[in-house]
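The residues making up each chain are set out below.
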Amino acid sequence: MTDTRFDPAVADERWQRAWAEAGTFTADSDSEKPKSYILEMFPYPSGRIHMGHVRNYTMGDVLARYQRMQGFEVLHPMGWDAFGMPAENAAMEKGVHPGGWTRQNIAQMKAQLQRIGFALDWTREFATCDPEYYGHEQALFLDMFAAGLVYRKESTVNWDPVDMTVLANEQVIDGKGWRSGAEVEKRKLNQWFLKITDFADDLLDGLGKLEDWPEKVRLMQENWIGKSQGLEFSFDLSDGGKLPVYTTRPDTIFGASFCAIAADHPIAQSLAGDPDVAAFIEACKRGGTKAAEVETAEKLGYQTSITAKHPFSGADLPVFIANFVLMEYGTGAVMGVPGHDQRDFEFATKYGLPITRVVASDPARADEPFKGEAEAGDGVIVSSGFLDGMSVEDAKQAVITRAEAGGWGEGRTVWRLRDWGVSRQRYWGTPIPFIHCDACGVVPVPKDQLPVTLPEDVGFDIPGNPLERHPTWKHVDCPQCGKPARRETDTLDTFTNSSWYFLRFASQPEDRPFDPEEVAKWMPVQHYIGGIEHAILHLLYARFWTRALAHMGQIEVAEPFAALFTQGMVTHETYSRTDPARGAPVFFAPEEVDRTSDRATLLADAAPVDVGRVIKMSKSKKNVVDPDAIIARHGADAVRWFMLSDSPPERDLPWSDAGIEGCARFVQRLWRLFSAYDPAATGEDKSLERKTHQTIAAVAADIEALGFNKAVARIYELTGATEKAAPSASRSAAIRALVHLAAPMMPHLAEEVWAGMGEGLIADAPWPTVDPALLVDDEVTIAIQHMGKLRDTVTAPKGASKDALEALALASANLQRSVDGAAIRKVIVVPDRLVNIVT
RNA sequence: GCGGGUGUGGCGGAAUGGUAGACGCCGGGGACUUAAAAUCCCCUGAGCUUUGCUCGUGCGGGUUCGAGUCCCGCCACCCGCACCA
């Protein structure tokens with residue numbers, strides 16, 4: 001403890017080895033302690049750990065270490081989401097095997113994670129590409145098949161011509177593949193599907209109980225599931241036909257002044273013999289498919305010769321073909337209520353259709369004109385016959401009841417959520433365990449023949465699925481009749497791998513996917529931390545699998561993740577110059593740029609570069625900082641401290657060299673303070689003792705609320721106060737407390753100091769206890785205000801009476817000068833806070 | 001266009017309706033040193049007629065003794081999107 005500098009190059013590795021040898025972070029399922037499961041979204045082994053991983057895992061690590069100190073048996077595992085396209089892309093580009101490439105990346109990234117000193121239980125590590133993992137997944141898939149949750153159907157799929165694979169609806173972004181960015185084409189294929197829609201209602205209901213999930217994620221899932229309740233009914237048409245429409249606002253039915261059908265609606269198609277109609281239909285197909293484009297596009301319609309009879313008024317409504325109606329939703333036809341739907345309003349205005357008010361803020365204002373836009377809000381129904389005077393909600397029900405009684409319509413719930421297509425025509429994924437037999441049809445692989453493993457000898461020199469081309473792999477005998485048959489060559493979407501991995505972390509028997517009793521000990525995950533990009537797909541699928549497994553009686557867990565936290569990104573400035581030849585920017589990496597003066601210059605030629613916005617670190621913008629280089633220079637604790645400092649964890653964290661240097665300085669500052677620890681010091685410092693206990697309590701509360709930036713600020717404050725204090729027993733106690741407070745965040749420094757104090761591993765030490773009596777100050781500062789403006793402050797004993805505080809305030813010269821003899825009308829006293837004089 | 005989020009010093013950000021700017025970074029001044037690094041101390045929202053006062057939390061209103069915080073109406077930026085009727 002006599003070293004003047006803390007040397008992370010030596011200490012980091014020493015304590016990482018000590019934890020590993022002691023098995024400190026190995027979770028014991030049989031422990032008597034209360035259990036806590038802390039999980040961060042496991043990484044895809046792309047090759048290198050990036051700062052986003054470091055931030056994510058540091059947050060989880062602080063929670064895991066803190067909860068250990070609070071007496072919990074903590075499960076904090078790590079593994080690899082190892083199947084996926086990048087491995088096949090690497091295979092195609094570099095001629096390596098996807099498995100070899102993935103394994104190499106895992107080894108490299110594991111070493112990186114270990115250098116940061118995360119409190120992980122590596123004994124439970126697995127990669128989803130291990131046959132020991134995906135074999136169990138195949139078993140679960142067969143169970144789901146037996147339970148009727150898996151089916152095949154011929155369907156139009158999104159075909160990505162670059163990646164040569166099918167994409168889920170959810171994976172198509174703006175009509176392009178979410179990874180390749182290629183324009184998606186439509187193709188018909190026989191596909192495997194999971195019946196997520198069976199659980200739509202339950203998935204929606206469950207959101208209401210997830211109180212520790214961010215509101216925005218719950219909202220996004222709610223919108224994704226998209227439950228809408230309304231009325232489906234048919235208009236009688238003038239040509240003798242019927243026009244089924246679906247509406248969520250049956251209460252406004254008396255305000256309907258037209259009907260609109262999609263351009264590809266059968267009725268529109270039947271009219272396409274007319275060249276004008278055909279031309280209009282063609283025009284509708286042009287233009288962008290993006291929501292934003294379609295929404296802002298001008299509303300266009302073509303009035304047909306057909307009319308529709310209003311079910312109540314009997315009026316003949318014109319039927320239009322319109323560009324804002326989509327065939328994919330509802331019935332592909334709507335009733336137009338211009339007064340209470342903005343699109344209908346714009347359409348009616350353009351084509352001179354009646355705009356009738358049928359909802360008003362009160363009945364007296366039934367004739368109030370519209371102010372240039374539709375009114376979609378709540379109110380009272382007016383000008384609507386038997387509905388007049390009803391609330392919107394009551395009127396909806398009343399219309400549905402009438403329609404059902406009259407047999408011309410019925411209440412209907414419509415979901416946006418569609419079943420999950422899991423087939424992928426790709427090699428690097430979980431083989432779907434089925435066999436196609438000409439005689440027996442589609443036959444499940446018997447469970448005792450699992451896992452169906454991927455063949456190693458495959459090539460990637462030609463696009464497409466290597467399993468399809470393999471000379472022998474797909475040729476097997478039918479398990480039922482024994483005749484020659486073919487293996488299914490589709491593999492499962494990688495989202496299936498991440499839909500149950502948290503269960504395998506909790507329990508990993510050899511012969512089954514998991515042991516329900518072991519799972520029950522750990523689940524649900526107490527804190528799940530990851531990026532907002534998984535707000536819908538991964539989190540919804542994991543919730544679905546959990547429900548499916550519970551439905552089959554395999555587990556008794558309602559929701560997999562009790563609390564969810566979505567952390568912000570790590571960002572950095574961008575540096576660029578515009579290439580005059582191409583007009584496009586050329587980016588430079590931070591290490592190529594001199595940022596020490598006000599402006600930024602390129603080290604190579606000392607000429608200026610443009611400093612761009614602070615955005616997410618990405619290879620294409622070159623604004624990345626490699627964690628390894630930073631750790632080598634400043635040590636793991638400084639990097640961890642930086643990840644927790646300043647920015648609230650849910651917001652973006654701008655990386656800066658000055659910031660990490662400040663963190664490294666603080667590590668040394670703490671080291672110096674800790675080195676001055678004197679166990680023999682005597683004497684009491686009540687004020688420091690209070691500060692110490694207040695800080696212990698506040699840091700605990702901050703960590704539990706994931707307010708790491710606030711905890712960091714409090715540790716800075718206590719450090720400053722302790723440095724300034726004269727030696728005393730209280731000061732020595734403050735130093736010991738600080739070692740504990742720092743332990744979850746800067747574990748290497750804390751262990752080094754703790755060992756120097758002659759103690760064991762601080763990772764095993766309990767969180768310091770707090771004396772409640774020391775949490776309150778005996779003296780408080782009282783603000784003295786005149787008309788709400790601060791005029792003076794005085795100190796008073798805690799709990800002083802209102803009269804005493806008022807007297808103190810009136811004695812203030814500053815206050816008296818401000819009041820200037822005016823009559824005092826009122827005195828407001830907030831005990832221990834302030835006195836406000838009102839004149 | 002719709003849904004969600006954010007907006008506070010030069011920067012990241014604190015602040016149960018009660019002293020706005022804690023804490024950190026940057027910057028300035030000083031101490032120590034032959035010198036530098038490191039370290040330590042002080043200052044650091046703007047303005048003014050400076051024992052103190054005025055203004056100040058995106059903009060405009062409102063409620064209140066008192067508003068960054070609550071209410072109404074805007075603006076800007078970020079994220080998401082499916083014209084779901």
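Predicted model only: the values in this text are computed from it and were never measured.

### Structural notes on the overall build of chain A
And step 1. A count of helices and strands for chain A gives 26 helices and 38 strands.
And step 2. In terms of overall dimensions, chain A has C-alpha extents of about 100 × 90 × 65 Å along its principal axes.
And step 3. Relative to its 839 residues, chain A shows a buried fraction of 52%.
And step 4. Within chain A, residue pairs in contact and separated by at least 24 positions form 70% of the contacts whose partners lie at least 6 positions apart.
And step 5. Working note: accessible area of chain A is about 37,600 Å², and carbon and sulfur atoms make up 50% of it.
And step 6. When the 87 basic and 118 acidic side-chain charges of chain A are each reduced to a single mean position, those positions are 3 Å apart.

### Points about the sheet that holds strand β18 (residues 423-424)
And step 1. Judged by pairing direction, the sheet is antiparallel, and its 3 strands sit side by side in the order β18-β24-β19 without closing on themselves. Two strands in the sheet have a free side with no partner beyond their single neighbour: β18 and β19 (430-431).
And step 2. Sheet analysis places β19 next to strand β24 (residues 491-492), joined by 2 bridges and oriented antiparallel. Along β24, the bridge assignment pairs P431 with T491.

### A closer look at the side chain of R65
And step 1. You can see R65 is positioned in helix α2 (residues 51-69).
And step 2. At 2.8 Å, the side chain of R65 forms a polar contact with the backbone oxygen of G117.
And step 3. Setting aside its immediate chain neighbours within four residues, R65 contacts W19, F25, G117, F118, A119, R640, A743, P744, P747 and A763.

### Re the packing of helix α19 (residues 636-644) against helix α20 (residues 657-675)
And step 1. Interhelical geometry of α19 versus α20 gives an angle of 120° and a closest axis separation of 8 Å. The angle between α19 and α20 places the two elements in the oblique class. As for how α19 packs across α20, the hand of that crossing is right-handed. Where α19 approaches α20, its residues D637, A638, V639, W641 and F642 are matched on the opposing element by G659, I660, C663, A664, F666 and V667.
And step 2. Class assignment for the residues of the contact of α19 with α20 results in 9 nonpolar, 1 polar and 1 charged.

### Section: the packing of aromatic side chains
And step 1. Under the definition given, this model contains 42 aromatic pairs.
And step 2. Pairwise contacts between aromatic rings join F42, F126, Y133, W500, Y501, F502, F505, Y528 and F561 into one cluster.
And step 3. One cation-aromatic arrangement involves R65 over W19; the distance from NZ or CZ to the ring centre is 4.4 Å.
And step 4. One residue, R487, lies across the ring of W473, its end atom 5.4 Å from the ring centre.

### A short note on the pairing of strand β8 (residues 227-237)
And step 1. Looking at chain direction, β8 and strand β16 (residues 409-415) are connected through 7 bridges and run antiparallel. What sits directly across from E232, in β16, is E410.
And step 2. In terms of strand pairing, β8 meets strand β9 (residues 242-247) through 6 bridges, oriented antiparallel. The residue of β9 that forms the bridge with L231 is T247.
And step 3. Once β8 ends, the chain turns through 4 residues before running back antiparallel as β9, passing G240 with a positive phi of about 90°.

### Thoughts on helix α22 (residues 708-724)
Working note: α-helix, 3.6 residues per turn, so residues spaced by three or four point in the same direction.
And step 1. A rise of 1.5 Å per residue sets the reference length of α22, with its 17 residues, at 24 Å; its end C-alpha atoms lie 25 Å apart and thus fit the reference within 8%.
And step 2. Contacts from the buried residues of α22 go to α2, α19, α20, α21 (686-704) and α23 (729-742).

### Regarding the domain arrangement of chain A
And step 1. Structurally, chain A comprises domain 1 (23-130 + 495-567), domain 2 (138-195 + 420-494), domain 3 (227-415), domain 4 (571-662) and domain 5 (779-838).
And step 2. Each of domain 3 and domain 5 has a C-alpha centre, and the two are 64 Å apart.

### Some points on the sheet that holds strand β35 (residues 779-786)
And step 1. Pairing in this open sheet of 4 strands is mixed, and the strands run β36-β35-β38-β37 from one edge to the other. Of all strands in the sheet, those bounded by a partner on one side alone are β36 (789-797) and β37 (826-830). Between one strand axis and the next, the sheet turns through 20° on average, direction left out of account.

### Points about the pattern of salt bridges
And step 1. One pass over the full model with this rule turns up 40 salt bridges.
And step 2. Between R714 and D702 there is a salt bridge, and its shortest N-O distance comes to 2.7 Å. Remark: D702 occurs in helix α21 and R714 occurs in helix α22; sequence separation between them is 12 residues.
And step 3. Residue classification places R714 among the partly exposed residues on the basis of a relative accessible area of 33%.
And step 4. Since its relative accessible area comes to 9%, D702 is described here as buried.

### Considering the nonpolar core
And step 1. With 172 residues, the main nonpolar core has Y37, F502, F544, W655, I703 and M745 as its most contacted residues.
And step 2. With residues near it in sequence (within four places) discarded, Y37 still touches L75, P77, F502, F505, A506, W522, M523, P524, V525, Q526 and H527.
And step 3. Core analysis: the next-biggest nonpolar cluster, separate from the first, contains 36 residues, C259, I261, L317 and M335 among them.

What counts, and where the lines are drawn
- Residues numbered from 1 in each chain as written.
- Chains lettered and ligands numbered in written order.
- Predicted model: local features only at pLDDT ≥ 70, side-chain atom pairs only at ≥ 80, totals over all residues.
- Heavy atoms only, no water.
- Helix = DSSP H or I, 4+ residues; strand = E, 2+ residues; numbered from the N terminus.
- Buried < 20%, exposed > 50% of the residue type's maximum accessible area, 1.4 Å probe, protein only.
- Contact = heavy atoms within 4.5 Å.
- Areas by Shrake-Rupley, 256 points an atom, 1.4 Å probe, with all protein chains shown as cover.
- Lys, Arg positive; Asp, Glu negative; His and termini not counted.
- Charge placed at Lys NZ, Arg CZ, Asp CG, Glu CD.
- Pairing = 2+ DSSP bridges.
- Polar contact = N/O pair within 3.5 Å; in protein donor to acceptor, adjacent residues only side chain to side chain.
- Axes fitted to C-alpha atoms, helices over the stretch in contact; angles between N-to-C directions.
- Parallel < 35°, antiparallel > 145°, perpendicular 65-115°, else oblique.
- Left-handed = near helix turned anticlockwise from the far one by under 90°.
- Nonpolar A, V, L, I, M, F, W, Y, C, P; charged D, E, K, R; others polar.
- Phe/Tyr/Trp six-rings, centres within 6.5 Å; stacked < 30°, edge-to-face > 60°.
- Lys NZ or Arg CZ within 6 Å of the ring centre and 35° of its normal.
- Expected span 1.5 Å × (residues − 1).
- Domains from an automatic or database assignment.
- Salt bridge = Lys/Arg side-chain N within 4 Å of Asp/Glu carboxyl O.
- Core = buried A, V, L, I, M, F, W, Y, C linked by side-chain atoms within 4.5 Å.

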